[in-house]
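Summary of the model geometry
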Amino acid sequence: MLKAVILIGGPQKGTRFRPLSFEVPKPLFPVAGVPMIQHHIEACAQVPGMQEILLIGFYQPDESLTRFLEAAQQEWNLPIRYLQEFAPLGTGGGLYHFRDQILAGSPEAFFVLNADVCSDFPLSAMLGAHRRQPHPFLLLGTTANRTQSLNYGCIVENPQTHEVLHYVEKPSTFVSDIINCGIYLFTPEALRPLRDVFQRNQQDRQLCLALGEDSPGLWPGAGTIRLEQDVFSALAGQGQIFVHLTDGIWSQIKSAGSALYASRLYLGRYQSTHPERLAKHSPGGPRIRGPVSTFRKRLYPPHCKGGPISCGCRVRIPAEVLILNSIVLPHKELSRSFTNQIIL
């Protein structure tokens, strides 16, 4: 039995994604024609033995999120639940806070996926690697150039065993060209180090209070746990954390520009993974160059042309307009050409 946890953050996070997240929560923003986290859910649902998918974050469960979860449960015939944090708890705090829900039913292991990543999600390959060599933590890694690596968590591995020997989050100098993809496979034993961090945070808080130093800025709360700094960095080299390398597509989705890039990556895969999402040529229809995806009710705008683009329903685009490498949200009427734009 397997489970999956998708960390969706909350409205106080992802400020670089504004103003795109003003109209719709970031996890539901359309990337390649579907909500961002739908790519994650689809990948999880395809793993044999998957029994439940949990979303953890501190968004208020509004109508749009509720409707999405209801539709997702029906489409993939899986329990998909949202667990709301009482406060922002970091990348590991929610896992520890909701540990009972995660461990209910005694899963063999559970995937943990950050919502703001684009990937082909090689989850079955990760599961195979884990079963051949079980360990509490398995991280998905990919390679980056020396400059790019400084923006991510960097992994130094043993090339023979793939054990993580050293982990540094966003180093100031070059450490390794292997970076953390924000996609993990944990066993139930992986929650023990999170418990240790929680207890240590509690002790530090009590000491702080005893010394009369009660600064919320210094002590955000015992429940706040950073997987990368508090767990991966601390446990690297102790035989508990391993890395599975992928050469598939991957990127972060932190800004409007990165959303366009992620959309282009997904659209490029649709011919083999989701051809039904791509617009087709038709006599008298629009001229299409490159992958074009429509979403919501799959209503294709009468004169939309160009690509790669993701186009919402009920969008009116005159015949002389060319749209390239863009995302067009629903109910828009365009009067000029666009390139590399998100049209709100």
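Per an unreviewed UniProt entry, the chain is named Mannose-1-phosphate guanyltransferase alpha isoform X3, and its organism is Echinops telfairi.

**Comments concerning empty space enclosed by the protein**
Scanning all chains against the criterion turns up one cavity of 30 Å³ or more. In this structure, the largest cavity spans a volume of roughly 50 Å³. Taken together, Ile8, Pro25, Pro27, Leu28, Tyr59, Gln60, Asp62 and Leu65 make up the full set of residues lining the largest cavity. Grouping the constituent residues of the lining of the largest cavity by class yields six nonpolar, one polar and one charged.

**Considerations on unusual backbone geometry**
Although it is not a glycine, Asn77 sits at a positive phi angle of roughly 55°. Among the structural elements, Asn77 can be located in the loop between α3 (63-76) and β5 (80-84). Residue Asn77 is classed as exposed on the basis of its relative accessible area of 70%. Of note in this structure, Ser106 is not a glycine but carries a positive phi near 55°. Here Ser106 is to be found in the loop between α5 (99-103) and β6 (109-114). What makes Ser106 exposed here is its relative accessible area of 63%.

**Observations regarding the pairing of β5**
Across five bridges, strand β4 (residues 50-57) lies against β5 in parallel orientation. Along β5, the bridge assignment pairs Gly57 with Gln84. For the crossover that starts at β4, traverses α3 and ends in the parallel β5, the hand is right-handed.

Rules behind the numbers
- Residues numbered from 1 in each chain as written.
- Predicted model: local features only at pLDDT ≥ 70, side-chain atom pairs only at ≥ 80, totals over all residues.
- Heavy atoms only, no water.
- 1 Å grid on protein atoms, 1.4 Å probe; cavity = no way out; pocket = protein on both sides within 12 Å on 5 of 7 lines; lining within 4 Å.
- Points joined across faces, edges and corners; volume = space filled by probe spheres on them.
- Nonpolar A, V, L, I, M, F, W, Y, C, P; charged D, E, K, R; others polar.
- Helix = DSSP H or I, 4+ residues; strand = E, 2+ residues; numbered from the N terminus.
- Buried < 20%, exposed > 50% of the residue type's maximum accessible area, 1.4 Å probe, protein only.
- Pairing = 2+ DSSP bridges.
- Right-handed = clockwise from strand over helix to strand, strands pointing away.

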